[in-house]
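Residue strings, one per chain:
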Amino acid sequence: CVWVRLYACGALVSALPTGRIYFAGGTRFALGVTGNTYYADASGNVVQLGSLGTAMRGSSGFYYDNTLHVFGGPVSLNVASAGSQSVHYKALINTTSVSWTNGGTITTTRADHGSVLARRLGTPSLYLVHGIQTSAPVARVTEVPWPVQPTRTELMSTATPRYGSAIAVVDNMIYSCGGYSSTTATALGLVNNCEKIDVYASTYSTLGFASGSLTARAYAASAVVGSLIYIIGGATGSTTTTMTATASVQVIDTEGNTVIDVPSLNTARWGASAVAAENGGIIVIGGTSNSSSSNSVSLQTVEWLWNGVWTVLPTAFGANTGSFSTSMTAFYVPAAAVCTTSTGTTSTGKTSTGTTSTGTTSTGTTSTGTTSTGTTSTGTTSTGTTSTGTTSTGTTSPATTSICHDRNRTASDWSNLLCRRNDF
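A.B. asks: Outline the sheet that holds strand E7 (residues 101-102), listing residues and values.
C.D. replies: An order of E4-E5-E6-E7 is seen for the four strands of this open sheet, with the pairing classed as antiparallel. Of all strands in the sheet, those bounded by a partner on one side alone are strand E4 (60-64) and E7. In the sheet, strand E5 (residues 67-71) pairs with strand E6 (residues 88-92) via five bridges, with the strands oriented antiparallel. Bridge pairing in E6 places His69 opposite Lys90.

A.B. asks: Lay out the pairing of strand E18 (residues 228-232) in plain terms, naming residues and giving numbers.
C.D. replies: For E18, a buried count of five out of five residues is recorded, marking the element as mostly surrounded by other parts of the structure. With burial as the criterion, each face of E18 is covered, one bearing Leu228, Tyr230 and Ile232 and the other bearing Ile229 and Ile231. In terms of strand pairing, strand E17 (residues 221-225) meets E18 through five bridges, oriented antiparallel. Residue Val224 lies in a different strand from E18, and its bridge partner there is Ile229. Two successive antiparallel strands, E17 and E18, enclose a turn made up of two residues, where Gly226 displays a positive phi of approximately 65°. Here E18 runs beside strand E21 (residues 249-253); their pairing, made up of five bridges, is antiparallel. Bridging across to E21, Ile232 finds its partner in Val249.

A.B. asks: Give a detailed account of the sheet that holds E21, specifying residues and quantitative values.
C.D. replies: As summarised here, the arrangement of the four strands in space is E17-E18-E21-E22, forming an open sheet in which the pairing is antiparallel. At either end of the open sheet lies a strand with only one pairing partner, and these are E17 and strand E22 (258-262). Neighbour to neighbour, the strand axes of the sheet diverge by 25° on average, direction disregarded. Sheet topology note: the E21/E22 ladder contains five bridges and is antiparallel. Each bridged residue has a counterpart across the sheet, and for Val251 the counterpart in E22 is Ile260.

A.B. asks: So, the packing of aromatic side chains: which residues are in play, and what are the values?
C.D. replies: The final tally for this structure, using the stated rule, is twelve aromatic pairs. Arranged with centres 6.2 Å apart and planes meeting at 75°, the rings of Tyr64 and Trp146 form a pair that is edge-to-face. Residue Tyr64 is found in strand E4, and its partner Trp146 is found in the loop between strand E11 (136-145) and strand E12 (153-162); the two are separated by 82 residues along the sequence. Comparing Tyr64 with Trp146 shows no difference in burial state: the two are buried. Pairing Tyr163 with Tyr180 gives two aromatic rings, centres 6.0 Å apart and planes at 50°, and the pair type is tilted. Separated by 17 residues along the polypeptide, Tyr163 in the loop between E12 and strand E13 (166-170) and Tyr180 in the loop between strand E14 (173-177) and strand E15 (194-198) bring together distant segments of the chain. Look at Tyr180 and you get buried, because its relative accessible area is 1%. Within the aromatic cluster, the residues linked to one another by ring pairs are Phe62, Tyr64, Phe71 and Trp146. Over the aromatic face of Tyr39 sits the side chain of Arg20, whose NZ or CZ is 3.6 Å from the ring centroid.

A.B. asks: How would you summarise the pattern of salt bridges if you had to cite specific residues and measurements?
C.D. replies: Inspection of the entire model under this criterion finds six salt bridges. Residue Arg120 is joined to Glu143 by a salt bridge in which the shortest nitrogen-to-oxygen separation is 2.8 Å. Of this pair, Arg120 sits in the loop between strand E8 (114-119) and strand E9 (124-129) while Glu143 sits in strand E11, placing them 23 residues apart in sequence. On the basis of relative accessible area, Arg120 is assigned to the buried category, the value being 17%. Looking at Glu143, the relative accessible area reads 8%, which means it is buried. When the shortest N-O distance is used, the salt bridge between Glu303 and Arg269 registers 3.2 Å. Taken as a pair, Glu303 in strand E25 (residues 302-306) and Arg269 in the loop between E22 and strand E23 (273-276) lie far apart in primary sequence, 34 residues in all. An identical accessibility class is assigned to Glu303 and Arg269; each is buried.

A.B. asks: Describe the nonpolar core, with residues and values.
C.D. replies: Grouped together as the largest cluster of nonpolar side chains are 19 residues, with contacts concentrated most on Tyr230, Ile232, Ile282, Val284 and Trp310. Among the elements of the structure, E17, E18, E21, E22, E23 and strand E24 (282-285) are those that each provide at least two residues to this core. When near neighbours in sequence (up to four residues on either side) are disregarded, Val284 contacts Ile232, Leu265, Arg269, Ala272, Ser273, Ala274, Thr301, Val302, Glu303 and Trp310. With 17 residues, the next largest nonpolar core counts Ile21, Ile285, Phe324 and Tyr332 among its residues.

Definitions and limits used
- Residues numbered from 1 in each chain as written.
- Predicted model: local features only at pLDDT ≥ 70, side-chain atom pairs only at ≥ 80, totals over all residues.
- Heavy atoms only, no water.
- Pairing = 2+ DSSP bridges.
- Helix = DSSP H or I, 4+ residues; strand = E, 2+ residues; numbered from the N terminus.
- Buried < 20%, exposed > 50% of the residue type's maximum accessible area, 1.4 Å probe, protein only.
- Axes fitted to C-alpha atoms, helices over the stretch in contact; angles between N-to-C directions.
- Phe/Tyr/Trp six-rings, centres within 6.5 Å; stacked < 30°, edge-to-face > 60°.
- Lys NZ or Arg CZ within 6 Å of the ring centre and 35° of its normal.
- Salt bridge = Lys/Arg side-chain N within 4 Å of Asp/Glu carboxyl O.
- Core = buried A, V, L, I, M, F, W, Y, C linked by side-chain atoms within 4.5 Å.
- Contact = heavy atoms within 4.5 Å.

So this is what it looks like as C-alpha cells:
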C-alpha cells in the first residue's frame, strides 16, 4: 500500500509543475556566502530577483500567504565560529522582483535549523527547531507568536542537540531527523535517529520504526507528500574532512511508522534544497557532491522525482551560471489560478391574473302528474372569486472574478502540500 501512495500520482500528471521555485542565500564555497534570490520555472528559466539584506547560508524559511519568509542563518562557512543571526526577512511574491524587508526580530539566534508554522493554541505559531545557537548545537524548540513578535517561549528541549537535520511537518507534528550533534571538526557526532515533536502537547519522542532504519546523515534535504517524508541525499562521515555526499533517498511513512529505501539520486549531494510540488513530484536543487567541505563546489543541476524515477532536468535550469548554491533556502510557489467567474442573472417575476368564476342559476321545472304534484328546485348562484396575481421581482447577482493562490501550509517546504490538520 505504501508503494501505491508513493507513486499514485504517476497516473495523473507527468509534466513538470507550473509553479516557480524561489531560492535565496547559500554558499558557493570559494565564492563565499551569498544573499542573492532567484526563481526557476518549468521552462528552465532562472532569473535573479534581488538580494537578502544579509548574505547568509543555513537559513530556513517557508512560503505562507503569498509571502516568502527567511529566518536566521550564519554569515560564514565555519560552523563553529560563524555565529547565528536573529534576523527575519520577508518578501511578497512578485512576478518581476522580490523586495526583502525586515520582518521583525525572532529574539533568538539560530543557524542550520528548521523553521515551521504549526498550531498549538488554535492559531499558527512559528517554531524554530534545533540548530546552532552562537557556536553550539541546541536541542531547543522555540515558539514565536505569528506574525513575528518580539517575544518567545522556550517550549521544550528534546533529547539530542543537533544541527543540519532534515525538518518536516506532517499532521501538525514536527520531525527532526539526522544531523550533527557537535561542531568539533574532528568529531561532528553524526545522528541516526528522528525526533517527533508534538507542539500541542509540548512533548517529544524518539521514533522507533516498525521496519527499516534511517541512514545516519546530515544536511539532507527533505520534502513532504501527504504522510510521507522524503529524506534526500546528505553527508555521511563525522569529521569536516570526511563529509561524503550520499545519493541515498529514504521515505518515512508516518502512518505505518516505517522507513523505506527508494530510488537514489543520479548525483550524490549534501546541502541540497528540495521542494514538493502540488502534483506530488519533488524537485532537488544545488548542493555539493564533493567529499570534503574544504574543496566543495556547488552543483548546478536539478533533479525531478516522478513516478519513482529521478530525472536530471535540462541544462537550461543552470543557464544563469552559479545561481544554485549549497544550504539555500528554497520555496515552491504554485502558479496563480483564475477562479470561475460568476455572471449575475436577473430572474423576471411573472404576473398571475386572477379569473372570475360566475355562478349559474338552475331554474326548477314543474312536473304535473296525475297523482303527483311536481316540485320546484330553486337554482343557487355561485359567486366567482377573483385571485389577484403577485409579481416576483428578480434579483441580480453581481459578477465576480478573483485570483486564487494555493498557499504554503508549513515550512521546509513548501513543506507539507497535502497537509491536513495543519492546513492554514
